[in-house]
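Architecture and fold: a report
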Amino acid sequence: MTTPRKPVPRAFRQVHTLAFAPLFFQAAMAARNTGVLAAVRAAKSAGITPADVARVAGVSLYAARVMLEGCLAVELVTLGANMTYTLSDAGYLWMTDEMARTNANFVQDVCYAGAATFETSAVEGRPAGLAVFGAWPTIYAGLTELPPAVQESWFAFDHFFSDRAFPSAFDRLFRTPPRRLLDVGGNTGKWAVHCLTHDPNVEITVLDHPGQLERLRANADAAGVSVRLATVPIDLLDHTRAFPTGFDLVWMSQFLDCFGEDDILALIQRGIAALGEAGELAILESFWDRQPTDVGEVVTQGLSLYFTCMANGTSRMYHSADFLELIARAGLRVVADEPVGHMHTLLLVKP
């Protein structure tokens, strides 16, 4: 006999779900990875018992039960009167949606072990959680030395959001093709390779950490475009070091959000100083207040928490008003402010 439920305000369930959220997340990841949710999905509307889930997924009955009950708490599955489980719409998305999988893998592999240090990181302004992987001042300094699975999830997350914006940004910026382009913080070279492949005349110089540049050059070599590529190893936080100069376009893609406000100000000024006559600084960012859906807002706000405890302890995903204020403080003007792709804004800035 089922005990009747007493109605309580939704907020009570919300706060208690939050209290156990790290454990529910791990149950949901385990259910996805072990095939427990796949067994529920395969049963379709008929539903499936925990015993049958255990048999199909090859786990113990105990493991099947605790995973299913954890998933029930966060509404990935539903439980019928005959004690059989079926997959909910959220459970289907948890299993199949590329963005959900990318985000979950990023949190699990990159963020989870260090997330317990969040309070220390926020108060002290340093990525205390990064110590689970190594003794680097920022994650960028040690990116190519992270464990392979961690690197895979980090780059998959980074590329998932940036790659979708690159074609639109390229079409906009190459209406009047730049001959010399400076890519600041070029990462694995996705943007540089895209530009070099689609414009046979552009020459690109990329600034980044030495380890990143090795990977970037290998990618450019594989694409057959490295002859027009130059790389400059640099500590981007050494603001005494000027960027090379004379460029038609300086490109900063999902780069400035990796820094605190004082560093952003200095990097913008160094980028402007690298321009030739009539050149432009192009900034591609995902502002959390400009997301087309509340899903995008949640994702970008969550990413700020990664920056706090794992990346550098000083950066965040910005509200557009805060960012535009920084550009104004640098004495610069925004000549274009346009949505690009699904989540990004392209800013063109001049002196």
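Residues numbered from 1 in each chain as written. Predicted model: local features only at pLDDT ≥ 70, side-chain atom pairs only at ≥ 80, totals over all residues. Heavy atoms only, no water.

Moving on to helix α4 (residues 50-57). Those residues of α4 that sit buried are Pro50, Val53, Ala54 and Ala57. The arc enclosing the buried residues of α4, seen along the axis, measures out at 100°, which places them on a common side. Next to the buried residues of α4 lie α2 (21-34), α3 (36-43), α5 (61-73) and β2 (85-87). Just downstream of α4, Gly58 is the residue with a positive phi angle, here 75°. (Buried < 20%, exposed > 50% of the residue type's maximum accessible area, 1.4 Å probe, protein only. Helix = DSSP H or I, 4+ residues; strand = E, 2+ residues; numbered from the N terminus. Arc of directions from axis to C-beta. Contact = heavy atoms within 4.5 Å.)

One way to put it is that α2 packs onto helix α7 (residues 98-111) with a least axis distance of 12 Å and a crossing angle of 120°. Considering their axes alone, α2 and α7 lie oblique with respect to each other. Pair α2 / α7 crosses with left-handed handedness. Residues Phe25, Gln26, Met29 and Arg32 of α2 touch α7, and the partners they reach there are Arg101, Ala104, Asn105, Val107 and Gln108. Within the contact of α2 with α7, the residues separate by chemical class into 4 nonpolar, 3 polar and 2 charged. (Axes fitted to C-alpha atoms, helices over the stretch in contact; angles between N-to-C directions. Parallel < 35°, antiparallel > 145°, perpendicular 65-115°, else oblique. Left-handed = near helix turned anticlockwise from the far one by under 90°. Nonpolar A, V, L, I, M, F, W, Y, C, P; charged D, E, K, R; others polar.)

Let us look at the nonpolar core. Within the largest apolar cluster, 56 residues are counted, with the highest numbers of intra-cluster contacts made by Ile139, Phe243 and Tyr306. The greatest single-element share of this core, amounting to 7 residues, is contributed by helix α14 (residues 294-311). Non-local contacts of Ile139, meaning those with residues more than four positions away in its chain, are made with Val110, Leu130, Leu146, Trp154, Tyr306, Met310 and Ala311. (Core = buried A, V, L, I, M, F, W, Y, C linked by side-chain atoms within 4.5 Å.)

Bringing the packing of aromatic side chains into the picture now. On inspection of all chains with the given rule, the structure shows 16 aromatic pairs. For the ring pair Phe170 and Phe174, a centre distance of 4.2 Å and an interplane angle of 20° mean the geometry is stacked. Judged on exposure class, the residue Phe170 and its partner Phe174 are both buried. Ring pairing ties together the aromatic residues Phe106, Phe157, Phe160, Phe161, Tyr306 and Phe307, which thus form one cluster. One residue, Arg164, lies across the ring of Phe160, its end atom 3.8 Å from the ring centre. Over the aromatic face of Phe247 sits the side chain of Arg180, whose NZ or CZ is 4.2 Å from the ring centroid. (Phe/Tyr/Trp six-rings, centres within 6.5 Å; stacked < 30°, edge-to-face > 60°. Lys NZ or Arg CZ within 6 Å of the ring centre and 35° of its normal.)

Both strand β6 (residues 247-253) and strand β7 (residues 275-285) contribute to a ladder of 6 bridges, which runs parallel. Across the sheet, the residue bridging to Met252 is Ile283, located in β7. Taking the sense of rotation as the criterion, the β-α-β connection linking β6, helix α13 (residues 261-273) and β7 turns out right-handed. Here β7 pairs with strand β9 (residues 344-350) via 5 bridges, running antiparallel. Across the sheet, the residue bridging to Leu281 is Val349, located in β9. (Pairing = 2+ DSSP bridges. Right-handed = clockwise from strand over helix to strand, strands pointing away.)

Okay, unusual backbone geometry next. Here Glu75, not a glycine, exhibits a phi torsion of approximately 65°, which is positive. With respect to the element layout, Glu75 can be found in the loop between α5 and β1 (77-79). According to the relative accessible area criterion, Glu75 is partly exposed, its value standing at 42%.

What follows is about the environment of Thr188. Of note, Thr188 is situated in the loop between β3 (180-184) and α11 (190-198). Classification of Thr188 by relative accessible area gives buried; the value is 5%. If we ignore the near neighbours within four places in the chain, the residues touching Thr188 are Phe155, His159, Gln212, Arg215, Leu216 and Asn219.

This part covers the sheet that holds β9. Each strand in a sheet pairs with its neighbour through backbone hydrogen bonds, running either in the same direction (parallel) or in the opposite one (antiparallel). With mixed pairing, the 7 strands of this open sheet are ordered in space as β5-β4-β3-β6-β7-β9-β8. For this open sheet the edge positions go to β5 (229-233) and β8 (333-340), each flanked by a neighbour on one side alone. In this sheet, neighbouring strand axes are inclined to one another by 20° on average, regardless of whether the strands run parallel or antiparallel. As defined by bridge partners, β3 adjoins β6 across 3 bridges and the pair is classed as parallel. Its bridge partner being in β6, Leu181 is matched across the sheet by Leu249. Sitting on the sheet, helix α12 (residues 210-223) is in contact with β4 (203-208) and β5, with an inclination near 170° to β5.

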